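Coordinate inspection notes
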Amino acid sequence: MKRIFLLLLGLLLLSGCQPQKHDSQTFAMDTIMQFTAYGPKGQQALAHASARVQELDQLFSVTRSTSEIYAVNHAQGEPVALSEDTARLLAQSLELCSQTGGALDITAYPAVRAWGFTTGDYQVPSADELLALAAQIDYSQVELTENQVRLPEGMELDFGAVAKGYTGEVLAQELRELGVESAILTLGGNVQTIGSRPGGDPWRIGVQDPEGDGYLMVLSLVDQAAVTSGGYQRFFDADGERYWHIMDPASAAPARSGLTSVTIVGDSGTQCDGLSTALFVLGWEDAAGFWREHQGFDAVLVDEDGRIAITAGLEDRYVLGPGYEDRTVEVIRP
Ligand code: AMP
Ligand code: MG
């Protein structure tokens, strides 16, 4: 009897040390999303998170005929009124398009579709077709005034490069408001953290080896987002060539910058997501140059020769992954 009592007491003390863990999973934005929140507010907060994700997916989906973006893309040159979320994400995206000199261009959708990335019906468009598509990509022609947008006819928006980052950022903010102090949200290749792990250690986020299954390195994060863009995430092979879903807006074809993956770490999920795509397009030298000029975020670059670089802010926040301990990591300094 006494032994059972002691055992129960022990279990009680153990569970008292660790805040309660809550998990949920939802499918949205073409990917499986996995949310974990700790503490007494966790369960209610995760229910909110799942509902909010579905709401944002319903606004941003480029393929669903009931979405707001679909309405914008089919307005034939007429202005369309936007919800607060869409107007905010559109404004932030256009800013990132401009900052990156058009390496990020949210009007690249006709090219993404022509290659078959929206349906999985992959094909290599002809050179003439690519010229015509490239001529049509130009974010600077998107007219946004407060909550109204107008697109020239034939132009189409796609939040594919920014939606998950924005969603993670919004969820983090709303979960904090709901009293969550420790959580990790995985939205496909995007990770958003809230606070630190229960107990105070940073969250540990793996950066995938673009050429294999392992983790090149593990990054420490507190209250930040980490977003990876890589050609390995969605691609098809044809005639001995590999074609991936990240387009160079200048050519309307998959970006061949020599990089195989870019991971961005920072406070704003939207910025991380937009920049992971843009820096992939820019390539090693221009990506490093962009970081030096703007800063306010950190990056991990991996190229097709297996070279790895991190920006200076990550120097004390990474360890090489199991099996990758002998790899050299270059540090990009201001
Ligand atoms: P990410 O996975 O965040 O790098 O975003 C890639 C997705 O964004 C693609 O699946 C396309 O829908 C879209 N996209 C591809 N290339 C670009 C680009 N250069 N600028 C903006 N969106 C793009
Ligand atoms: Mg992105």
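Quick look at the structure, then. All values derive from a computational prediction rather than experimental measurement.

**A short note on the pairing of strand E8 (residues 203–208)**
Residues of E8 alternate between two faces, with Trp203, Ile205 and Val207 buried on one and Arg204, Gly206 and Gln208 left unburied on the opposite face. Linking E8 back to strand E9 (residues 215–221) in an antiparallel pair, the connection comprises six residues.

**Side note on the sheet that holds strand E7 (residues 190–194)**
The sheet built from nine strands is open, its strands ordered E1-E2-E6-E7-E10-E15-E16-E17-E19 with mixed pairing. Unpaired on one side and paired on the other, strand E1 (21–28) and strand E19 (329–332) mark the two borders of the sheet. Each strand of the sheet is rotated relative to its neighbour by a mean of 15°, with strand direction disregarded. Here six bridges tie strand E10 (residues 225–230) to strand E15 (residues 259–266), and the two strands are oriented antiparallel to one another. Directly across from Ser229, in E15, lies its bridge partner Val262. Across the sheet, helix H2 (residues 42–60) lies against E1 and strand E2 (31–38), angled at about 10° from E1, the strand it touches most. Contacting E2, strand E6 (183–187) and E7, helix H7 (residues 163–177) crosses the sheet at an angle of about 15° to E7.

**Description of the pattern of salt bridges**
Taken as a whole and assessed by the stated rule, the structure comprises 13 salt bridges. Between Arg64 and Asp57 there is a salt bridge, with its nearest N and O atoms 3.0 Å apart. Assessed through its relative accessible area of 8%, Asp57 is described here as buried. Note that Glu143 and Arg150 form a salt bridge whose closest N and O atoms lie 3.1 Å from each other. Under the relative-accessibility criterion, Arg150 is labelled partly exposed at 27%. Shared partners join several salt bridges into a network, and the residues in it are Arg52, Glu55, Asp85, Arg88 and Glu174.

**So, the coordination of the magnesium ion (ligand 2)**
For the magnesium ion (ligand 2), the protein coordination sphere consists of Ala161 (O), Asp273 (O), Asp273 (OD) and Thr277 (OG1), at 2.1 to 2.5 Å. Donor residues for the magnesium ion (ligand 2), ordered by position in the chain, follow A-x111-D-x3-T. Here Asp273 lies in helix H8 (residues 269–282) and Ala161 lies in the loop between strand E5 (148–150) and H7, a separation of 112 residues in the sequence. Classification of Asp273 by relative accessible area gives buried; the value is 5%.

**Let's talk about the sheet that holds E9**
Strand order in this open sheet of three strands is E8-E9-E18, and the pairing throughout is antiparallel. Bordering the open sheet on either side are E8 and strand E18 (318–320), each of which pairs with just one other strand. Between one strand and the next, the sheet's axes are offset by a mean angle of 25°, whatever the strand orientation.

**Digging into the site of ligand 1**
Neighbouring ligand 1 are 15 residues, the closest being Asp105, Asp158, Ser229, Met247 and Thr277. In the environment of ligand 1, a nitrogen atom lies 3.1 Å from a nitrogen or oxygen atom belonging to the backbone of Ala103. Separating an oxygen atom of ligand 1 from a side-chain N or O atom of Asp273 is a distance of 3.0 Å. Taking 490 Å² as the accessible area of ligand 1 by itself, protein coverage stands at 94%. For the shell around ligand 1, the per-class residue count stands at seven nonpolar, four polar and four charged.

About the cut-offs
- Residues numbered from 1 in each chain as written.
- Chains lettered and ligands numbered in written order.
- Predicted model: local features only at pLDDT ≥ 70, side-chain atom pairs only at ≥ 80, totals over all residues.
- Heavy atoms only, no water.
- Buried < 20%, exposed > 50% of the residue type's maximum accessible area, 1.4 Å probe, protein only.
- Helix = DSSP H or I, 4+ residues; strand = E, 2+ residues; numbered from the N terminus.
- Pairing = 2+ DSSP bridges.
- Axes fitted to C-alpha atoms, helices over the stretch in contact; angles between N-to-C directions.
- Contact = heavy atoms within 4.5 Å.
- Salt bridge = Lys/Arg side-chain N within 4 Å of Asp/Glu carboxyl O.
- Donors = N, O, S within 2.8 Å, 3.2 Å for Na, K, Ca; no water.
- Near = heavy atom within 4 Å.
- Polar contact = N/O pair within 3.5 Å; in protein donor to acceptor, adjacent residues only side chain to side chain.
- Areas by Shrake-Rupley, 256 points an atom, 1.4 Å probe, with all protein chains shown as cover.
- Nonpolar A, V, L, I, M, F, W, Y, C, P; charged D, E, K, R; others polar.

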